[in-house]
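# Coordinates in review
Each chain, written out:
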Amino acid sequence: MGTPDFAAGCLSALLGSGHQVVAAFCQPDKPQGRKQVLTPPPVKVLAQENGVPVYQPASLKRGSAQALLRELAPQVIVVVAYGKILPQSILDIPPLGCVNVHASLLPKYRGSAPIQWAILKGEQETGVTTMYMDAGVDTGDMIERAATPIGPEETAEQLFDRLSALGAKTLLSTLEAIEAGCAPRTPQDSTLATHAPMLDKTLSPIDWGRPAAQLHNHVRGLYSWPMATFALGEETVKAHAARLAPEFSGDTPGALLDSRRFVVCCGDGKALELLTVQAPGKKPVSGEEFLRGRRLEKGQLL
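In short, a report on the structure.

Here is what the cut-offs are and how they apply
Residues numbered from 1 in each chain as written. Predicted model: local features only at pLDDT ≥ 70, side-chain atom pairs only at ≥ 80, totals over all residues. Heavy atoms only, no water. Helix = DSSP H or I, 4+ residues; strand = E, 2+ residues; numbered from the N terminus. Buried < 20%, exposed > 50% of the residue type's maximum accessible area, 1.4 Å probe, protein only. Contact = heavy atoms within 4.5 Å. Areas by Shrake-Rupley, 256 points an atom, 1.4 Å probe, with all protein chains shown as cover. Lys, Arg positive; Asp, Glu negative; His and termini not counted. Charge placed at Lys NZ, Arg CZ, Asp CG, Glu CD. Pairing = 2+ DSSP bridges. Axes fitted to C-alpha atoms, helices over the stretch in contact; angles between N-to-C directions. Arc of directions from axis to C-beta. Core = buried A, V, L, I, M, F, W, Y, C linked by side-chain atoms within 4.5 Å. Phe/Tyr/Trp six-rings, centres within 6.5 Å; stacked < 30°, edge-to-face > 60°. Parallel < 35°, antiparallel > 145°, perpendicular 65-115°, else oblique. Left-handed = near helix turned anticlockwise from the far one by under 90°. Nonpolar A, V, L, I, M, F, W, Y, C, P; charged D, E, K, R; others polar. 1 Å grid on protein atoms, 1.4 Å probe; cavity = no way out; pocket = protein on both sides within 12 Å on 5 of 7 lines; lining within 4 Å. Points joined across faces, edges and corners; volume = space filled by probe spheres on them.

### Considerations on the overall build of the protein
Along its length, the protein carries eight helices and 13 strands. For the protein, the C-alpha atoms occupy an extent of roughly 70 × 45 × 30 Å along the three principal directions. Within the span of the protein, comprising 302 residues, buried residues form 46% of the whole. Across the protein, contacts joining residues at least 24 apart in sequence account for 63% of those joining residues at least 6 apart. Total accessible area on the protein stands at roughly 15300 Å², and carbon and sulfur atoms take up 51% of it. Here the protein contributes 29 positive and 30 negative side-chain charges, whose respective centroids are spaced 6 Å apart.

### Overview of the sheet that holds strand 7 (residues 125-132)
As summarised here, the arrangement of the four strands in space is 5-6-7-8, forming an open sheet in which the pairing is mixed. If you trace the sheet from one side to the other, it starts and ends with strand 5 (77-79) and strand 8 (142-149), each paired once. For this sheet, the mean inter-axis angle between neighbouring strands, taken without regard to orientation, is 15°. When strand 5 meets strand 6 (residues 98-102), the two strands line up parallel, connected through three bridges. Each residue of the ladder has a partner; that of Ile77, found in strand 6, is Cys98.

### Thoughts on helix 8 (residues 287-294)
Where helix 8 is concerned, the buried positions are Gly287, Phe290 and Leu291. Down the axis, helix 8 shows its buried residues gathered within 100° of arc, on one side only. Within helix 8, the exposed residues directed more than 90 degrees away from the buried face are Arg292 and Gly293. Buried residues belonging to helix 8 abut strand 9 (228-232), strand 10 (235-244), strand 12 (271-278) and strand 13 (285-286). One or two steps after helix 8, the chain reaches Arg295, where phi turns positive at roughly 55°.

### Quick look at the nonpolar core
In this structure, Phe6, Val43, Val80, Trp117, Leu163, Leu171 and Ile178 are the most contacted members of the largest nonpolar core, which totals 44 residues. Of all the secondary structure elements, the ones that give two or more residues to this core are helix 1 (5-15), helix 2 (42-49), strand 6, helix 5 (114-120), strand 7, strand 8 and helix 6 (156-180). Counting residues per element, this core draws most heavily on helix 6, at nine residues. If we skip the residues at most four places from it in the chain, Val80 touches Met1, Gly2, Thr3, Phe6, Ala7, Cys10, Asn100 and Val101. Ile206, Leu232, Cys266 and Leu272 belong to the second largest nonpolar core, which has 22 residues in total.

### Section: the packing of aromatic side chains
Given two aromatic rings, one states the distance between the centres and the angle between the planes to describe the pair. As enumerated under the stated definition, the model contains five aromatic pairs in all. Ring geometry for Phe6 against Phe160: centres 5.5 Å apart, planes inclined by 75°, an arrangement best described as edge-to-face. Of this pair, Phe6 sits in helix 1 while Phe160 sits in helix 6, placing them 154 residues apart in sequence. Given the relative accessible area of 4%, Phe6 is considered buried. Note on Phe160: relative accessible area 27%, which makes it partly exposed. Centre to centre, the rings of Phe262 and Phe290 are 5.7 Å apart; their planes meet at 10°, and the pair counts as stacked. In this pair, Phe262 sits in the loop between strand 10 and strand 11 (263-265) while Phe290 sits in helix 8, placing the two residues 28 residues apart along the sequence. Taken individually, Phe262 and Phe290 each receive the classification buried, so the pair is uniform in this respect.

### Details of the packing of helix 1 against helix 2
Taken N-terminus to C-terminus, the directions of helix 1 and helix 2 make an angle of 25°; their axes are 8 Å apart at the nearest point. The pairing of helix 1 with helix 2 is recorded here as roughly parallel in orientation. You can see that helix 1 and helix 2 cross each other, and the crossing is right-handed. Across the interface between the two elements, Asp5, Ala7, Ala8, Leu11, Ser12 and Leu15 from helix 1 touch Pro42, Val43, Leu46 and Ala47 from helix 2. Taken together, the residues of the contact of helix 1 with helix 2 break down into eight nonpolar, one polar and one charged.

### As for the layout of surface pockets
Space inside the second largest pocket adds up to approximately 690 Å³. Around the second largest pocket sit 27 residues that line it, and Leu14, Gln20, Val21, Val76 and Val78 are the ones nearest its centre. Of all the secondary structure elements, the ones that give two or more residues to the lining of the second largest pocket are helix 1, strand 1 (24-25), helix 3 (63-72), strand 5 and helix 6. Considering each element in turn, the lining of the second largest pocket owes the most residues, four residues, to helix 1. Residue composition of the lining of the second largest pocket, by class: 22 nonpolar, four polar and one charged.

### What about the pairing of strand 10?
The sheet contact formed by strand 9 and strand 10 spans five bridges and is antiparallel. Among the inter-strand pairings, Ala231 is bridged to a residue of strand 10, identified as Thr236. Taking the residues that link successive antiparallel strands as the turn, the strand 9-strand 10 hairpin has two residues, and the phi of Gly233 there is positive, at about 65°. Across six bridges, strand 10 lies against strand 12 in antiparallel orientation. Residue pairing in the sheet places Arg243 in a bridge with Glu273 of strand 12.

This is how it looks when you write it as structure tokens:
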């Protein structure tokens, strides 16, 4: 059970591992792009390419979905970024349990956007956790945890790809342990839990009053959706990439500190350089090219 690219990585690993995948469950096809073309999710595409039956129930609470799962009689249900909460009646179906692959070192960053929030919060390490699912959201007993450092310039999109591969590897190890009857069950310490709620565009605007390091994390963590943005006149400009610019300093948050490089003063007096930006309806360009095109001068306030 999974929907996006992150889940497709785990499905691919299962298909190549000798395990029998009796079915794939994913979210319904959704319209995408400007033309709103109905598009199947990555898990569906991969499953169909490999002859795996695909099911896309609108709800798991209905008896039809539960009856189908009982008929399929899986030994284990693997759940990876599915996007639906499994009711207890489904959690009880597989004799060896429902196993979830979560993209954080639980109990930190429970929720739907753990990769992005780890960067937004300035974490230097993250990872993946496999766990036995229970009725809570990412609260089940842990089986395996695998850690990895977060690069100082790494974006959420780049980390997503690395954790997808790590999650697939850890899943196979976990299933081996379950099959051998030696998989551990480690309860989570809920007092250490943090949450990673779903992202939306209300998070996008850059507050230049915040410290430069936090804004650097903001740009990295929101790439490539929903993107960090800043206002320039009536326009909302997207910030694709940035870097800390320790060679600059200033007193006015939001002020341009250079006439040639797109360096902006932040709330702690330190600076952030916008390396790639995108105006509405335009292609992404370098910060220097953007400044030349707009003829922005040193001291201009964003």
